[in-house]
Amino acid sequence: MLNTKEYFKQIDATLAVKEVDNETAALDSLIEDISDDKSASVAGGAVKNFSGTLNAGFGILPTLYKTTRQFNDISIRLTKNPYGTFVFARRPNGKDVNTYYRYIPANYHGVVTVAADVKDGTSFRLGFSASTTRTFQIAGRTTY
């Protein structure tokens, strides 16, 4: 059996944990609001929505982007990805912007950096590769 002092210590600890949880939830909500804001000033660079069909799990989307000096990374946030997929950025000459592909799990909607420290004015298209023989839709937003 707890004495009164120990009992109140436990209550204080429980309340402190709940307070931290509430503050964390509030911060998560704020971060989500900022992430959903499509203005370049919040994202740090140009922001564009994209969507496309991946035939048999592979595709390079047709939209050509050019990196800006406000943001030296290429990042995406998928809103529709029913399969785990690799993402990459490819230059018009067929060479990849980065030397590695980033894996995005199925239905993951967080921000993923596709390429970091990209030179200003680099033209690129987004490419995706998934290990499926099915055709599927992919959609999201890119910041560059």
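Residues numbered from 1 in each chain as written. Predicted model: local features only at pLDDT ≥ 70, side-chain atom pairs only at ≥ 80, totals over all residues. Heavy atoms only, no water.

A.B. asks: Please give an account of the overall build of the protein that cites residues and values.
C.D. replies: When you go through the protein residue by residue, the secondary structure sums to two helices and nine strands. Mapped in sequence order, the helices and strands of the protein form the string α-α-β-β-β-β-β-β-β-β-β. Buried positions account for 34% of the 144 residues belonging to the protein. Accessible area for the protein stands at about 9000 Å²; split by element, carbon and sulfur atoms hold 53% of it. (Helix = DSSP H or I, 4+ residues; strand = E, 2+ residues; numbered from the N terminus. Buried < 20%, exposed > 50% of the residue type's maximum accessible area, 1.4 Å probe, protein only. Areas by Shrake-Rupley, 256 points an atom, 1.4 Å probe, with all protein chains shown as cover.)

A.B. asks: So, a nonpolar patch on the surface: which residues are in play, and what are the values?
C.D. replies: Together, F86, Y101 and Y103 give the surface a local cluster of nonpolar side chains, amounting to about 300 Å² of exposed area. With respect to the helices, strands and loops of the structure, Y101 is situated in the loop between β5 (85-90) and β6 (102-104). Note on Y101: relative accessible area 33%, which makes it partly exposed. (Patch = residues over 30% accessible without salt bridge, like charges linked within 9 Å, V, L, I, M, F, W, Y side chains within 5 Å. Salt bridge = Lys/Arg side-chain N within 4 Å of Asp/Glu carboxyl O.)

A.B. asks: Before we move on, could you go through the nonpolar core and cite the residues and values that matter?
C.D. replies: In terms of nonpolar packing, the biggest core is built from 23 residues, with F50, I74, I76, F124, L126 and F128 touching the most fellow members. Breaking this core down by element, the ones donating at least two residues are β1 (47-54), β4 (74-80), β5, β7 (111-115), β8 (123-129) and β9 (136-143). (Core = buried A, V, L, I, M, F, W, Y, C linked by side-chain atoms within 4.5 Å.)

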